[in-house]
Amino acid sequence: MLSYLVALLIIAGIYALLTISLDLQYGFTGLVNFGQVGFFAVGAYGSALVSLSGAPIALGFVVAILAAAVSALPIGLLALRLREEYLAIITLGYSEAVRLVIVNETWLTNGSQGLTGVPRPFMQLGEGRADLAYLALVLACNLAMVLLIRRLVGSPFGRLIQAVRDNETAAIALGKHPPAAKVKTLTIGAGIAGLAGALYGHYIGFVSPDQFLPLVTFYIWMAMILGGIGSLRGSLAGAAILVLILEGTRFIRDFLPGVADVQMASVRLALVGLLLIGFVLHRPQGLFGSMARR
Amino acid sequence: MLNLAVNGVIEGLLIGLAALALNLVFAVGRFPNAATGDFMTIGAYAGYGAQHIGGGILAQSAAAIAAGVATALLAHLTVFRRLSRSPMIAAMLASIGIAFFGRGVLTLFTGQDPKFFPLHGMAVLVLGPVRLQVTDAWLAATALLCVAAVLGVLHLTPIGRQMRAVADNPVLAQASGIRSRRVMLALWAMVGAITGIAGLIVAMRTTVNPELGWDLLVPAFAAAVLGGVGSPGGAVPAGIALGVLQELSTPWLGFSYKTAVSFVILAVILLLRPHGLFGVKEAVR
């Protein structure tokens, strides 16, 4: 039971990183990123490949963060000139392109078979303790990133990005340069998603293209909206609720005899769709958010 | 090479149909409808269902169109109509929700395994150096007919004129007595019909599978942007251009990178011409 709880918390922590990263991009800067799973995948594969080649896991994490951030740069440069709906389309296309590369470049990624045996840190501590140590690592990453984003948002830079979100024209009129700010938040957010990817890959021990479907991006959007857009605390809560919902559907299955795994995947897809529609229609401010900001 | 190009034209027609549906919604409803692909999937499955219970090609088309229209109208009446005053991102997220919900419910009953239409014979039309399957020729003709019908409705009928008026200036349209409710219903019915038939054609050329429409979404967005967002006339030529480019790239990049090609083209166009190739600058950005 304890180990199950720890596992849940680790997964929730990984989703939490993805959610606060999206919140930095959309909630604070207004960048519509529909390709979060692409940066997540780049991080997971980057770290897995580096550590499988024999390099230390820590180096894998660094590579994951850098690779994801660098892969966001071209998108960021495009985003400078685009309205939100085009950025949404471009990022969605980006994440699909990443998945295509993973599926096709078999020499590097082993294609749809995926990479197995991604090393897990702390294993020398023994099974149970290794999990706890990993949880501590995930929580530490979350704490560090929350502090980083808090600091960013509270700084003059943070006031700039929020001004860009609320009224870009006014920000330009005041002599600010929104494009640079947008590229910065997109890359920082992508780096955080890359970190989440590394944590995920080393925890599960296995990465494959099936783990990085566009659906994951919208899990994260759902978590952000659940918690209230533009609230870091809300994002953390939203990620926790998301994991409870995803796990919950697994339990429902135990009460529904004769429902196969494949069908459960359909139920989950339909449920996520329904929740997205429901929130957009009825509580766009999120469960905990107030309408004041947007 | 020439055969690849011809195949590309046919594939491009289908991308163009999807882009046409995207552009219609974009012009009048003003958001990129990410559920477009899944409307196609639902149309494809409806057509397959009709085939399964012994319906002929007409029954299959009717079923695909009916399913597409029903899904699109339902999405409009239950969701999109209530978001007309919300920010664009709300409608876009909702359209993704609809896409997932539709696909989830669909696969709950049909399963994930691909299904096949029985081949309608392998007769081949030889026109000089070009070899064309007769089935493909028929499907392409149907797609063209569909495009012609849509453009005809848009430009030759009163409801089409009203649609274009609402697209140009919704406030002015309302002020001059256009009943926007009716216009929106007609628009979504048209979008449903286009996507339904396009889905059926895609399924007949390949397989019936749950990702059929979603996989066409990125190429369709690319074609919509290439043709100028919100301009229905540009979508089809742009789709054909993309289809040909994608198909011609296969000898070098392989079959599976087709979608990536359209993504790259999309990115390059947006970099050079943020308003699309033939797009005009809108007054409000």
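If you're wondering where the values come from, they're calculated on a predicted model, not measured in any experiment.

Procedures and definitions
Residues numbered from 1 in each chain as written. Chains lettered and ligands numbered in written order. Predicted model: local features only at pLDDT ≥ 70, side-chain atom pairs only at ≥ 80, totals over all residues. Helix = DSSP H or I, 4+ residues; strand = E, 2+ residues; numbered from the N terminus. Rg over C-alpha atoms; globule rule 2.2 N^0.38 Å. Buried ≥ 20, exposed ≤ 12 C-beta atoms within 10 Å, placed from the backbone. Contact = placed C-beta atoms within 7 Å. pLDDT = per-residue confidence, 0-100. Nonpolar A, V, L, I, M, F, W, Y, C, P; charged D, E, K, R; others polar. Expected span 1.5 Å × (residues − 1). Bend = angle between axes of the 7 residues up to and from the residue. Pairing = 2+ DSSP bridges. Axes fitted to C-alpha atoms, helices over the stretch in contact; angles between N-to-C directions. Parallel < 35°, antiparallel > 145°, perpendicular 65-115°, else oblique. Left-handed = near helix turned anticlockwise from the far one by under 90°.

Novice: It is not clear to me how the overall build of chain A should be interpreted in this structure. Could you clarify?
Specialist: A count of helices and strands for chain A gives 12 helices and 2 strands. Each helix and strand of chain A, placed in order from N terminus to C terminus, yields the pattern α-α-α-α-α-β-α-α-α-α-β-α-α-α. The globule rule puts the C-alpha radius of gyration for 294 residues at 19 Å, and the 19 Å found for chain A is close to it. Oriented by its inertia axes, the alpha-carbon framework of chain A measures out at about 55 × 45 × 35 Å. The buried share of chain A, reckoned over its 294 residues, is 51%. In chain A, the share of contacts with a sequence separation of at least 24, taken over all contacts with a separation of at least 6, comes to 78%.

Novice: Whenever I open this one, the overall build of chain B confuses me. Can you help?
Specialist: When helices and strands are counted, chain B shows 11 helices and 2 strands. Counting from the amino terminus, helix and strand elements in chain B follow one another as α-α-α-α-β-β-α-α-α-α-α-α-α. For 285 residues, the compact-globule estimate of 2.2 N^0.38 gives 19 Å, and the C-alpha radius of gyration of chain B, at 18 Å, lies within 12% of that figure. Over its C-alpha atoms, taken along the principal directions, chain B stretches across nearly 55 × 45 × 35 Å.

Novice: Help me understand the confidence of the model for chain A, please; the structure alone is not making it clear to me.
Specialist: When pLDDT drops low, the exact placement of atoms in the prediction is not to be read closely. All names here are of chain A. Taken as a whole, chain A shows an average pLDDT of 89; of its residues, 96% reach a score of 70 or greater. Least confident of the elements in chain A is helix H8 (residues 168-173), whose mean pLDDT is 84; most confident is helix H2 (residues 36-52), at 96. The low-confidence segment residues 290-294 (pLDDT under 50) makes 5 contacts with residues lying over four places distant or belonging to another chain.

Novice: I keep staring at the interface of chain B and chain A and nothing clicks. Help me out?
Specialist: By a widespread convention, an interface's size corresponds to the accessible area lost as its parts come together. Listed per partner, the contact involves 38 residues of chain B and 33 residues of chain A. Those elements that provide at least two residues to the side of chain B that touches chain A are helix H4 (88-110), helix H9 (214-226) and helix H11 (258-272) of chain B. Sort the elements by how many residues they give to the side of chain B that touches chain A and H4 of chain B lands first, with 17 residues. Across the side of chain B that touches chain A, the residue classes break down as 27 nonpolar, 8 polar and 3 charged.

Novice: Help me understand helix H3 (residues 57-79) of chain A, please; the structure alone is not making it clear to me.
Specialist: Three- or four-residue spacings in an α-helix give side chains the same orientation, since the helix completes a turn every 3.6 residues. Look at H3 of chain A: 33 Å from first C-alpha to last across 23 residues, which is about the 33 Å you get at 1.5 Å a residue. By the largest-angle criterion, Leu73 of chain A marks the main kink of H3 of chain A, which is about 30°, and a proline, Pro74 of chain A, follows within four residues.

Novice: Just to check I follow, could you spell out the environment of Gly152 of chain B for this structure?
Specialist: Residue and element names in this part refer to chain B. With respect to the helices and strands, Gly152 occurs in helix H5 (residues 134-156). Take Gly152: there are 11 C-beta atoms within 10 Å of it, and that puts it in the exposed class. Sequence separation between Gly152 and Leu172 is 20 residues; the distance between their C-alpha atoms is 24 Å.

Novice: Which parts of the structure should I look at to understand helix H9 (residues 178-204) of chain A?
Specialist: Residues and elements named next belong to chain A. Under the 1.5 Å per step criterion, the end-to-end length of H9 is 39 Å for 27 residues, consistent within 8% with the ideal 39 Å. Of all the 27 residues making up H9, 21 are buried; the element is thus mostly covered by neighbouring parts of the structure. Looking one or two residues past H9, Gly205 carries a phi angle of roughly 80°, positive in sign.

Novice: When you look at the pairing of strand E1 (residues 124-127) of chain B in this model, what are you seeing that I'm missing?
Specialist: Consecutive side chains along a regular strand alternate between the two faces of the sheet. Both E1 of chain B and strand E2 (residues 130-133) of chain B contribute to a ladder of 4 bridges, which runs antiparallel. In the strand pairing of E2 of chain B, Leu125 of chain B is matched with Leu132 of chain B.

Novice: For this particular structure, what's the right way to read the packing of helix H10 (residues 232-253) of chain B against H11 of chain B?
Specialist: Relative placement of two packed helices is described by the angle separating their axes and the distance separating the axes. Residue and element names in this part refer to chain B. Direction vectors running N to C along H10 and H11 enclose 125°, while the axes themselves pass 9 Å from each other. It follows that H10 is oblique to H11 by the angle criterion. For H10 against H11, the interelement crossing comes out right-handed. Where H10 abuts H11, its residues Leu242, Leu245, Gln246, Ser249, Thr250 and Leu253 lie against Lys258, Val261, Ser262 and Ile265. Class assignment of the residues belonging to the contact of H10 with H11 gives a composition of 5 nonpolar, 4 polar and 1 charged.

Novice: Please explain the environment of Ala136 of chain A as it appears in this structure.
Specialist: Residues and elements named next belong to chain A. Mapped onto the secondary structure, Ala136 falls in helix H6 (residues 127-154). The exposed category is assigned to Ala136, around which 12 C-beta atoms lie within 10 Å. Considered as a pair, Ala136 and Gly154 are 18 residues apart in the sequence and their alpha carbons are 27 Å apart.

Novice: What is the right way to read unusual backbone geometry from this model?
Specialist: Most peptide bonds adopt trans geometry, and most residues besides glycine take a negative phi value. All names here are of chain A. In this model, Asn110 sits at a positive phi of 60°, which is unusual for a non-glycine residue. As for its placement among the helices and strands, Asn110 is situated in the loop between helix H5 (106-109) and strand E1 (115-116). On the basis of neighbour count, Asn110 is assigned to the partly exposed category, with 15 C-beta atoms found within 10 Å. Positive phi values are uncommon outside glycine, yet Phe122 reaches one of about 70°. If you trace the backbone, Phe122 turns up in the loop between E1 and H6.

Novice: Is there a simple way to explain the environment of Gly177 of chain B in this structure?
Specialist: Among the secondary structure elements, Gly177 of chain B is positioned in the loop between helix H7 (170-175) and helix H8 (180-205). Remark: the alpha-carbon pair of Gly177 of chain B and Gln162 of chain B, spanning 15 residues in sequence, is separated by 9.9 Å.

Novice: Help me understand the packing of helix H10 (residues 214-227) of chain A against helix H11 (residues 232-255) of chain A in this model?
Specialist: Residue and element names in this part refer to chain A. Interaxial distance between H10 and H11 falls to 7 Å at its minimum, and their mutual angle equals 125°. Overall, the two elements H10 and H11 adopt an arrangement that is oblique. For the crossing formed where H10 meets H11, the hand is right-handed. Taken together, the residues of H11 that come into contact with H10 (itself represented by Tyr219, Met222, Ala223, Met224, Leu226 and Gly227) are Gly234, Ser235, Ala237, Gly238, Ala239, Ile241 and Leu242. Looking at the contact of H10 with H11 residue by residue, the classes come out as 9 nonpolar, 4 polar and no charged.

Novice: Just checking my understanding: could you explain the confidence of the model for chain B for this structure?
Specialist: Residues and elements named next belong to chain B. Averaged over every residue, the pLDDT of chain B is 87; the share at 70 or more is 94%. Confidence drops under pLDDT 50 across residues 281-285; counting only partners more than four residues distant or on other chains, this segment forms 2 contacts. Model confidence for the complex is summarised by a pTM of 0.89, with the ipTM given as 0.87.

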